[in-house]
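Take a look at the letters that make up each chain.
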Amino acid sequence: MSRTVEHFTTAAAALSFRTGCWIDGRFLPAHDNARFETINPATGEVLADIARGKAADIDLAVASGRKAFRSRVWSGMTPAGRKTILLRLAQLLRDHLEEMALLDTLDVGKPIADTLSIDVPGAADILQWHAEALDKIYDEIAPTGGRDLAMIRKVPLGVIGVVVPWNFPLDLAIWKIAPALAVGNSVVLKPAEQSPLSALRLAELAAEAGLPEGVLNVVPGLGHEAGQALGLHQDVDCLAFTGSTETGKRFLRYAGESNLKPVWLETGGKSPSLVFPDADLEAAAEKAAWGIFFNQGQICSANSRLLVHESLAEDMIARLKSKAEALAPGNPLDPATLLGPMVSNEHADRVAGFIQSGREHAHLVAGGSQISVGRSRAYVQPTVFANVPSDCLLAREEIFGPVLAIQTFKDEDHAVALANDTVYGLAASLWTRDLGRALSLSERLEAGTISVNTVDALSPMTPFGGLKQSGYGRDLSLHSFDKYTALKTIWVKY
Ligand code: NAD
């Protein structure tokens, strides 16, 4: 197969999209036949008309999930049976690599090179990891003594609502669906309105893998309609959310206004990367550029603040300038493209607004332009600002775009104070060859993951999530199962 832009363009044109609500094992129109458009940000053209699920469709999906759960068709299946089906689904994702990669590339503008090598294989690997772990979770017996047997069982909760954003459509859905299904729950997934296509195809593949009807339902729709209905639902047992901090706060309110469902939040970030004079400066610069420009900077844990020791300022600014200028956004269907468009014209406008305000308060080192192609104005140049004051928007707000803010520090205490001067606490990086410094600063930095001499260290084996207003849920690792199980005591006298 020749991997040229022509090949991917032809393959994209030949795709057929799934556009209904996936409920009880089949595609349905929304109850009122409402639809919304999903736009290809690379062109600004309409990609597909999607069923616009609302409260009535969410009701149907939750009822289907509840029926499947009560029937024990999935929760009562042997762990080996659940494992086989989830492993089959992981394999189906690999078998449909190009199709799944194209769906996310078309929906959100991710470079095809990334969706082929990172998003889809990553989703399959994470699903496989959870499938392989599910029959290694043991229950406990309490040491009561006497003629008592007190078992502490980890039991599935029931129906899990999952609401995800658009920046890694397939991956972030799998991060939650995989552990939730692995332990026997049913799931109702509400993908982001910008990116429903891969989730809908995933549901169909799950049925092909043998997942019983009703165990996974997918209701596309808008946040304030389908998302809110899921958050407020009286018969949803747990809500797992990834998205903005603002929406995360809404889900906490929804739970309080409805049935007190536990809510797990993975929200925004403004992650710092700290570079000390004893670091490998080229590696630090290379990873700093990747950390903010990969996925067009639309990453919750993007290292959007580069904090460098004052003695390194000139050198690091020059390195980042040359790395930013070596990258230009291009056609995401071209396998040579490293940087695609932002997810939408509106989001690119918002990022351009931050750049405009940055010009007034900081020094623009590289980039800064928003570029139009046809009806799309979603392309934003990799942008670097230096001399960024701590109180300016560039240093404080989650821009969610390819915009790096460089600041300088005098010593360790100053570096830590700058790094922690944010409401967020998702990730932090630090670059030093001094192990003592690395360990002591790792304790002082307020973030869920500290990467030393790299950025965004990530694996299915380690938990991912934040502190402060970055949320408190943890995806990935064996800890992810805790969110989707309850402890049940079964006490037997004999
Ligand atoms: P968003 O909060 O606008 O939307 C996320 C999801 O919530 C979407 O499915 C949306 O439809 C839904 N939603 C929106 N408004 C809602 C409402 N009123 N009621 C119910 N549901 C609603 O976020 P986004 O713009 O799609 O994604 C970007 C954000 O996601 C960034 O803040 C980013 O940091 C965050 N994010 C966090 C992580 C993490 O793991 N911490 C990972 C990726 C993205």
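Residues numbered from 1 in each chain as written. Predicted model: local features only at pLDDT ≥ 70, side-chain atom pairs only at ≥ 80, totals over all residues. Heavy atoms only, no water.

Peer 1: Help me understand the site of the ligand, please; the structure alone is not making it clear to me.
Peer 2: The full set close to the ligand counts 29 residues, and Lys-190, Glu-193, Ser-244, Thr-267 and Glu-398 are the nearest of them. The separation between an oxygen atom of the ligand and a polar main-chain atom of Gly-243 is 3.3 Å. Note that an oxygen atom of the ligand is positioned 2.7 Å from one of the side-chain N or O atoms of Ser-244. Considering the ligand on its own, with 840 Å² of exposed area, one finds that the protein chains cover 89% of that surface. Of all the secondary structure elements, the ones that give two or more residues to the shell around the ligand are helix H8 (223-232), strand S10 (238-242) and helix H9 (245-257). At four residues, H9 tops the list of elements feeding residues into the shell around the ligand. Class assignment for the residues of the shell around the ligand results in 14 nonpolar, 10 polar and five charged. (Near = heavy atom within 4 Å. Polar contact = N/O pair within 3.5 Å; in protein donor to acceptor, adjacent residues only side chain to side chain. Areas by Shrake-Rupley, 256 points an atom, 1.4 Å probe, with all protein chains shown as cover. Helix = DSSP H or I, 4+ residues; strand = E, 2+ residues; numbered from the N terminus. Nonpolar A, V, L, I, M, F, W, Y, C, P; charged D, E, K, R; others polar.)

Peer 1: Which parts of the structure should I look at to understand the packing of aromatic side chains?
Peer 2: Here a ring pair, both rings aromatic, is described through the centre-centre distance and the interplanar angle of the planes. For the coordinates displayed, the defined rule picks out nine aromatic pairs. Centroid distance Trp-22 to Phe-27: 4.7 Å. Interplanar angle 70°. Geometry classified as edge-to-face. Judged by relative accessible area, which is 28%, Phe-27 ranks as partly exposed. Among the aromatic residues, ring-to-ring pairing joins Phe-168, Trp-290 and Phe-294 into one connected group. Seen from the ring of Phe-168, Lys-110 lies directly overhead, with NZ or CZ sitting 3.6 Å from the centre. The aromatic ring of Trp-290 is capped on one face by Lys-287, whose charged end is 5.5 Å from the ring centroid. (Phe/Tyr/Trp six-rings, centres within 6.5 Å; stacked < 30°, edge-to-face > 60°. Buried < 20%, exposed > 50% of the residue type's maximum accessible area, 1.4 Å probe, protein only. Lys NZ or Arg CZ within 6 Å of the ring centre and 35° of its normal.)

Peer 1: For this particular structure, what's the right way to read unusual backbone geometry?
Peer 2: What you tend to see is this: most non-glycine residues have negative phi, and most peptide bonds are trans. The backbone of Phe-400 sits at a positive phi, close to 60°, despite the residue not being glycine. Along the chain, the position of Phe-400 falls in the loop between helix H13 (393-396) and strand S18 (403-409). Using a relative accessible area of 16% as the deciding quantity, one classes Phe-400 as buried. Positive phi, close to 60°, is recorded for Asn-453, a residue that is not glycine. For Asn-453, the location among the structural elements is in the loop between strand S21 (449-452) and strand S22 (467-468).

Peer 1: I would appreciate a short explanation of the sheet that holds strand S20 (residues 427-431) in the present structure.
Peer 2: The strands making up a sheet associate through backbone hydrogen bonding, with each pair oriented either parallel or antiparallel. In space, the seven strands of this open sheet follow the order S14-S17-S18-S13-S12-S20-S21, with mixed pairing throughout. The strands lining the two open edges of the sheet, one partner per strand, are strand S14 (363-366) and S21. In this sheet, adjacent strand axes meet at a mean angle of 25° when their direction is disregarded. Pairing of strand S17 (residues 383-386) with S18 involves three bridges; the strand directions are parallel. Bridge pairing in S18 links Phe-385 to Ala-405. Across the sheet, helix H14 (residues 412-420) touches strand S12 (272-275), strand S13 (305-309) and S18, and the angle it forms with S18 is around 150°. (Pairing = 2+ DSSP bridges. Axes fitted to C-alpha atoms, helices over the stretch in contact; angles between N-to-C directions. Contact = heavy atoms within 4.5 Å.)

Peer 1: How should I be thinking about the sheet that holds strand S6 (residues 148-156) in this particular structure?
Peer 2: With antiparallel pairing, the three strands of this open sheet are ordered in space as S5-S6-S23. One side of each edge strand has no neighbouring strand; the edge strands of this open sheet are strand S5 (140-142) and strand S23 (485-493). Pairs of neighbouring strands in the sheet enclose a mean axial angle of 30°, with direction left out of account. Strand direction decides the pairing type here: S5 and S6, joined by three bridges, are antiparallel. By the bridge assignment for S6, Ala-142 is matched with Ala-150.

Peer 1: Looking at this structure, I do not really get the packing of helix H1 (residues 5-14) against helix H4 (residues 97-108). What am I missing?
Peer 2: Closest axis-to-axis distance for the H1/H4 pair is 10 Å, and the angle between their directions is 85°. With respect to their mutual orientation, H1 and H4 come out roughly perpendicular. When H1 is examined against H4, the residues His-7, Phe-8, Ala-11 and Ala-12 are found in contact with a partner set consisting of Glu-98, Leu-102 and Leu-106. Its residues placed into classes, the contact of H1 with H4 shows five nonpolar, one polar and one charged. (Parallel < 35°, antiparallel > 145°, perpendicular 65-115°, else oblique.)

Peer 1: Would you explain the pattern of salt bridges in this entry?
Peer 2: In a structure, side chains of opposite charge can pair up when their charged atoms sit close to one another. Tallied over the full model, the rule gives 30 salt bridges. In this structure, the salt-bridge partner of Glu-204 is Arg-201, at a minimum N-O distance of 2.7 Å. Linking Glu-204 with Arg-201, this pair stays in helix H7 (residues 197-209), spanning three residues, or about one helical turn. The class for Arg-201 is buried, based on a relative accessible area of 8%. Residue Glu-325 is joined to Lys-321 by a salt bridge in which the shortest nitrogen-to-oxygen separation is 2.9 Å. Pair noted here: Glu-325 and Lys-321 are both in helix H11 (residues 313-325), with a separation of four residues, about one helical turn. Among the ionic contacts, a cluster of salt bridges with common partners joins Glu-282, Glu-286, Asp-315, Arg-319 and Lys-323. (Salt bridge = Lys/Arg side-chain N within 4 Å of Asp/Glu carboxyl O.)

Peer 1: What should I look at first to understand the UniProt feature "active site" (unreviewed entry) in the chain in this one?
Peer 2: Taken from the UniProt record, the annotation "active site" (unreviewed entry) applies to Glu-266. Beyond its immediate stretch of four places on either side in the chain, Glu-266 contacts Lys-176, Phe-241, Thr-242, Gly-243, Phe-464, Gly-465, Gly-466, Ser-470, Gly-473, Arg-474, Asp-475 and Lys-483. (UniProt positions renumbered as here; feature names shortened; annotations may be inferred.)

Peer 1: What's the story with the UniProt feature "domain: Aldehyde dehydrogenase" (unreviewed entry) in the chain in this structure? I'm lost.
Peer 2: The residues that UniProt annotates with the feature "domain: Aldehyde dehydrogenase" (unreviewed entry) are residues 31-490. The span residues 31-490 is 40% helical and 22% strand by assignment, and the distance between its end C-alpha atoms comes to 42 Å.

Peer 1: Which parts of the structure should I look at to understand the nonpolar core?
Peer 2: The nonpolar side chains of soluble globular proteins are, as a tendency, buried together. Grouped together as the largest cluster of nonpolar side chains are 99 residues, with contacts concentrated most on Leu-93, Val-275, Met-316 and Leu-320. Residue contacts for Met-316: discarding those within four places in its chain leaves Val-275, Leu-281, Ala-284, Ala-285, Leu-306 and Val-308. (Core = buried A, V, L, I, M, F, W, Y, C linked by side-chain atoms within 4.5 Å.)

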